[in-house]
Amino acid sequence: MKKLIIDDNTLLLKDVKEFVFGKKTYSGVEISTVTQARVKKAFDHLQALIEKKTPIYGVTTGFGDSCHRTISPDQAEELQRNLVAYLSCGTGPTIPEKATRATFLIRLKSLSRGYSGVSPEFLEKMAFFLENNWTPVVPREGSLGASGDLIPLAYLARALQGQGEIHAPSNSSGKATLILSEVMAQAKVAPYVFKPKEALAMVNGTSTMAGLCLVNLTQAEYLTELAATSTAWLCLALQGRTEAFGPLVNEKAGSHPGQALVAKKVRTLLEAESYRPARAQDTPVKNGQTQGVVQDRYSLRCTPQILGPIVETIDQGSLWLEQEINSTTDNPLISEEGTLEMGGNFYGGYLSHSMDYLKISLANLTDLLDRQLMMLIDEKSNRGLPPNLADWSSLPESDRHLHHGLKGLHQAVSAITSEVMSKAMPNSIFSRSSESHNQDKVSLGMSAAVQCSEMLEQVFTVQSLYLICLAQALDLRGLKLEGPDSSSLYQNVRAHVPFVKRDMALGDHVRALSNRLKELSYEKA
């Protein structure tokens, strides 16, 4: 294992994922000597400004609307402690541990660029937490997404002071939620004392929403791949047409890269199963009617055009996220020459738009799964499969009408899809003036990321319900998947959900499969 180096180079999204999702590549982080020197130079510039009694926002002035109220330089450290204290009012569920670990790393990268005026010792303390896999417990409510994720990031600052709770390795396998002061006392680690501006630098950025965006985009990318795989399985189960996934439609006639990528994914999966139906143009006609469908419904045939924009939305969101990670999202900033400049890099506009676009994409993806499942479950459209995918072949004819197979699963999908779609309204349009009208236009990026995270939880459930139905349909057809990707996914489904011979309760099986799919999204990131 090696250290993730924090230096002048761009911190790539793939390396952040490698570090956060526990693939055992990186044992910790290391701040390069060049970076430490640059950070020390900015810190020295800040100290010189303080000695000159220069009014410095958030250091020798109050915060926000109180920026006209001056603070004595000898009270600067107390001001930083008070900032963390009054911002420690987070509420609601906590942010997922992986998102918070990403937040810590992203904040370290932001502050290491030498524009924030923090000390090298401050960054070393942050690196120590990452090295030891100490991840603060952070409530997710309270951020307006401008002036930074003030309240969530205050919990990272509290952790450096030795306050609050953390997720940390326990003596038993896995992690436990522990009282940080007890952990630090046992490890003989002293709490950190903030120097001027360090608490402000910690809280005044977009790193919490960025950490949650990382998790959201990772999960969404995997769900989009699953939707493409589900489309291939549906085509097999319904004995559908394949021309809609061919190069003519998607690469020659069509020109969108996302569309082409999805079509190739579906096409490759079908080829791996040696599925080569007759072309539609060769469909026989008898008594004025075709003896078979010449084209499938939109929810099957148009999958590349439906999922293609989602693929490109995720790509764009990932680009914005990588750029945000490599930006200094702080205020005020200190130039290489030692001048002080105020700006708004703490405004999470790019991430807010990314999550809003992703929310719309997730609503479309979930609606696609619901429409596809309707085709599969309904005996009027499933092309010879039993109604509701009940295993009629193993039932006496007199008992068949007693069993309704997977009818309940589609009812659940329909209900959850409606809930997912209701959350697709963009958060960024609901900006409101706050903090005595100092924060009079805010991004609400954290709100968008949180709501997107809630949607993803439900999309995993919908995808799990649908995969159970698809596996049932393939088994009813007597199809054995041979392609490596499809057979691996099928084995994961069957490891958690049995073939349904008689009506049975499936709730626990659905939850187990959904949790497994979430794990796979990180493993395949």
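Before any of the text, the structure's been laid out above.
Only a predicted model underlies this, so the values are computations on that prediction, with no experimental measurement involved. (Residues numbered from 1 in each chain as written. Predicted model: local features only at pLDDT ≥ 70, side-chain atom pairs only at ≥ 80, totals over all residues. Heavy atoms only, no water.)

Moving on, we come to the overall build of the protein chain. The number of helices and strands found in the protein chain is 18 helices and 11 strands. For the protein chain, the proportion of its 525 residues judged to be buried stands at 54%. Nonlocal contacts in the protein chain, meaning residues at least 24 apart in sequence, comprise 78% of its contacts between residues at least 6 apart. With 53 positive and 56 negative side-chain charges, the protein chain shows a separation of 4 Å between the mean positions of the two kinds. (Helix = DSSP H or I, 4+ residues; strand = E, 2+ residues; numbered from the N terminus. Buried < 20%, exposed > 50% of the residue type's maximum accessible area, 1.4 Å probe, protein only. Contact = heavy atoms within 4.5 Å. Lys, Arg positive; Asp, Glu negative; His and termini not counted. Charge placed at Lys NZ, Arg CZ, Asp CG, Glu CD.)

For the rest of this paragraph, the subject is the state of the cysteines. When the sulfur atoms of two cysteines share a covalent bond, that bond is a disulfide. Under the counting rule described, the total for this entry stands at 0 disulfides. The cysteine C302 is free of any disulfide, with C235 supplying the nearest cysteine sulfur at 13 Å. Judged by relative accessible area, which is 21%, C302 ranks as partly exposed. Sulfur of C469: no disulfide; nearest cysteine sulfur belongs to C235 and is 18 Å away. (Disulfide = S-S within 2.5 Å.)

Ordered by their spatial adjacency, 3 strands build an open sheet running 4-6-7, and the pairing between neighbours is antiparallel. The outermost strands of the open sheet, each flanked by one partner alone, are strand 4 (135-136) and strand 7 (175-179). (Pairing = 2+ DSSP bridges.)

The next subject is the nonpolar core. The biggest cluster of nonpolar side chains holds 138 residues, and the ones touching the most others in it are F122 and L376. With 20 residues, helix 9 (residues 207-238) is the largest single contributor of residues to this core. If you look at the next biggest cluster of nonpolar residues, it comprises 7 residues, including I56, V59, A76 and I334. (Core = buried A, V, L, I, M, F, W, Y, C linked by side-chain atoms within 4.5 Å.)

All right, on to the pattern of salt bridges then. For the structure on display, the rule yields 18 salt bridges. With a closest N to O distance of 2.5 Å, K518 and E457 form a salt bridge. With K518 in helix 18 (residues 507-523) and E457 in helix 16 (residues 445-477), this residue pair connects regions lying 61 residues apart in the sequence. On the basis of relative accessibility, which here comes to 13%, the residue K518 falls in the buried class. Two residues, R516 and E523, come together in a salt bridge whose shortest N-O distance is 3.1 Å. (Salt bridge = Lys/Arg side-chain N within 4 Å of Asp/Glu carboxyl O.)

Between its first and last C-alpha atoms helix 18 spans 25 Å; for 17 residues at 1.5 Å apiece the expected length is 24 Å, and the two agree. All of the buried residues in helix 18 are V510, L513, S514, R516, L517, K518, L520, S521 and Y522. (Expected span 1.5 Å × (residues − 1).)

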